[in-house]
Amino acid sequence: MKPTRENLTLKEALASLPYYSPGPKFNAKVMKALGFEIQPAFNCTLALEKTVTIIAACWLAGACFLLIRLLFAHAADILFLCLKPQALLSMLKFYALKSWLAGSRIISVLSKAVGIISFFAGKVNILPHLAVSSILAAIAITIVSRPSTRIRADNQ
Amino acid sequence: MENTDHPLIHRCLANDSGAFEELLNRNKNQIFSFIFRLIRNPEDAEDLAQDTFIKALRGLNSYDTSRPFITWLFAIAHNTCVDFLRAKKPQMLSIDDENTPDIADSPDSTRKTVELKLQQEETEELLTSLPPLYSEVLLLQFREDLPIQQIAEILQLPEGTVKIRLFRAKALIRKKIELLKNR
């Protein structure tokens, strides 16, 4: 449908004519003829998108790599779980404790490192830190070392 | 416009490429539209517009700063178009329009102020139907809002000749509108 017509004089009709734009390479051709090279405008949005995509791809690749490594490292456990799904809970408990132990060891090492640094810096008493980390490690070792009756029953 | 173009022109004369590009961006749509409405072919119009700016920016040393820069650009654009039409389509340089009755037979149309109902598309079609030498004076006066004196400088014609062309162009376009309405 055509829009509603307005009364226009010749002058107004001509004055209202739009300006057209030449093609996108217009400037480049003129500037080249004058001996200048136009650098393409830096597209901030595109650069940001590319950066985010690359970072996300790196993280994804790293995560996939770790996942595959874990799968291969624990392939036997995974196969066991597939055959006996009821052992999943026990296995999760086992790995949770393993992680806790590893975490405790890390904390212990860090505490020791801090203690040593502080000792030589002369500002912090090393003994409380040693005591805490030792207690944590002892608890974790005790828990993990205690035989699990459920696992034994499942393995029997 | 002329006051803001002069600092850019000085920078251009100092070979500042940014100034060249800014001058180009300020004026390219006006010049391209003017040429396009005369030549009626977008590819040719773009080539001619590029030639216009290349000639203008290369010849900036010869630009007289007492004149508005856009006037100088339009003069170069006009000459470029005339050279093109003379070489490729010499029939377009004729001011005779075979599709319209002789203006002299209609004494009333030149004096009346006619209320015209025009849309943009109709205006473009009417301009296209006129000989380029008439459409350019209409564009320069009504679209670019230039005074007769500057139009005369651009077209390198006496002011009297410009006035006559404007008079005939307006009469011609009004006649064409009447023909359209009477169909």
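The structure displayed is predicted, hence computed values, not measured ones.

Scoring rules and cut-offs
- Residues numbered from 1 in each chain as written.
- Chains lettered and ligands numbered in written order.
- Predicted model: local features only at pLDDT ≥ 70, side-chain atom pairs only at ≥ 80, totals over all residues.
- Heavy atoms only, no water.
- Contact = heavy atoms within 4.5 Å.
- Buried area = accessible area lost by both parts, 1.4 Å probe.
- Salt bridge = Lys/Arg side-chain N within 4 Å of Asp/Glu carboxyl O.
- Helix = DSSP H or I, 4+ residues; strand = E, 2+ residues; numbered from the N terminus.
- Buried < 20%, exposed > 50% of the residue type's maximum accessible area, 1.4 Å probe, protein only.
- Polar contact = N/O pair within 3.5 Å; in protein donor to acceptor, adjacent residues only side chain to side chain.
- pLDDT = per-residue confidence, 0-100.
- Core = buried A, V, L, I, M, F, W, Y, C linked by side-chain atoms within 4.5 Å.
- Phe/Tyr/Trp six-rings, centres within 6.5 Å; stacked < 30°, edge-to-face > 60°.

Asks: How do you make sense of the interface of chain B and chain A when you look at a structure like this?
Replies: Accessible area lost during the coming together of the parts is what is often quoted as the interface size. Contacts between the two partners involve 38 residues from chain B, matched on the other side by 28 residues from chain A. The contact between chain B and chain A buries some 3,400 Å² in all, and 64% of this surface belongs to carbon and sulfur atoms. When the buried area of chain B at its contact with chain A is split by residue, B:Q119, B:F142 and B:R143 rank highest and sum to 18% of it. Our count for the contact surface shared by chain B and chain A stands at 0 salt bridges. Secondary-structure elements contributing two or more residues to the side of chain B that touches chain A are α2 (17–39), α3 (42–58), β1 (116–117), α5 (120–129), α6 (132–143) and α8 (159–182) of chain B. The greatest single-element share of the side of chain B that touches chain A, amounting to 12 residues, is contributed by α2(B).

Asks: Quick question: what am I supposed to make of the pattern of salt bridges here?
Replies: All names here are of chain B. Tallied over the full model, the rule gives 5 salt bridges over all chains. Two residues, R26 and E22, come together in a salt bridge whose shortest N-O distance is 3.2 Å. Highlighted residues: R26 and E22, both in helix α2, separated by 4 residues, approximately one helical turn. Overall, R26 belongs to the partly exposed group, its relative accessible area being 30%. Among the residues examined, E22 registers a relative accessible area of 33% and is labelled partly exposed. Between R37 and E124 there is a salt bridge, with its nearest N and O atoms 2.8 Å apart. With a gap of 87 residues between them, R37 in helix α2 and E124 in helix α5 connect regions that are remote in the sequence. In terms of burial, R37 and E124 fall into one category: buried. A single network of salt bridges, built from pairs that share partners, joins D5, E22 and R26.

Asks: Would you mind going over the environment of B:S66 with me for this structure?
Replies: The residue B:S66 is located in the loop between α3 and α4 (69–88) in this model. Reaching out from B:S66, the side chain makes a polar contact with the side chain of B:D64 at a distance of 2.8 Å.

Asks: Where do I start with the confidence of the model for chain A in this structure?
Replies: Residues and elements named next belong to chain A. Residues with a pLDDT of 70 or more make up 81% of chain A, whose mean pLDDT is 80. Per-residue pLDDT, averaged within each element of chain A, yields its smallest value for helix α7 (residues 149–155) (47) and its largest for helix α3 (residues 44–73) (91). Counting contacts from residues 1–7, a segment whose pLDDT is below 50, to residues more than four positions away or on other chains yields 12 contacts. Segment residues 151–156: pLDDT under 50, and 5 contacts once partners within four positions in sequence are set aside and those in other chains are kept.

Asks: What is the right way to read the nonpolar core from this model?
Replies: Among soluble globular proteins, nonpolar side chains are generally buried collectively. Ranked by internal contacts, the top residues of the largest apolar core, which has 62 residues, are B:I35, B:L60 and B:L138. Broken down by element, the residue count for this core peaks at 11 residues, all from α4(B). Aside from chain neighbours lying at most four places away, what touches B:L138 is A:L14, B:L127, B:L130, B:R143, B:L166, B:A169, B:K170 and B:I173.

Asks: Explain the packing of aromatic side chains to me, please; I cannot follow it from the model alone.
Replies: The description of an aromatic ring pair rests on the distance of the ring centres and on the angle between the ring planes. Residues and elements named next belong to chain B. Counted under the stated rule, the structure contains 8 aromatic pairs over all chains. Considering the side-chain rings of F34 and F74, the 5.0 Å spacing of their centres and the 80° angle between planes classify their relative orientation as edge-to-face. One end of the pair, F34, is in helix α2; the other, F74, is in helix α4, and 40 residues separate them in sequence. According to the relative accessible area criterion, F74 is buried, its value standing at 0%. Arranged with centres 5.9 Å apart and planes meeting at 45°, the rings of F69 and W72 form a pair that is tilted.

Asks: Which parts of the structure should I look at to understand the confidence of the model for chain B?
Replies: Reading fine detail from the predicted coordinates is not recommended where pLDDT is low. Residue and element names in this part refer to chain B. When pLDDT is averaged along chain B, the result is 82; 83% of the residues meet or exceed 70. Mean pLDDT per element in chain B: β1 is the minimum at 50, and helix α7 (residues 148–155) is the maximum at 94. Confidence drops under a pLDDT of 50 for residues 98–116, and excluding neighbours within four residues, the segment shows 25 contacts in the predicted structure. For this predicted complex, the interface score ipTM comes out at 0.79, alongside a pTM of 0.59.

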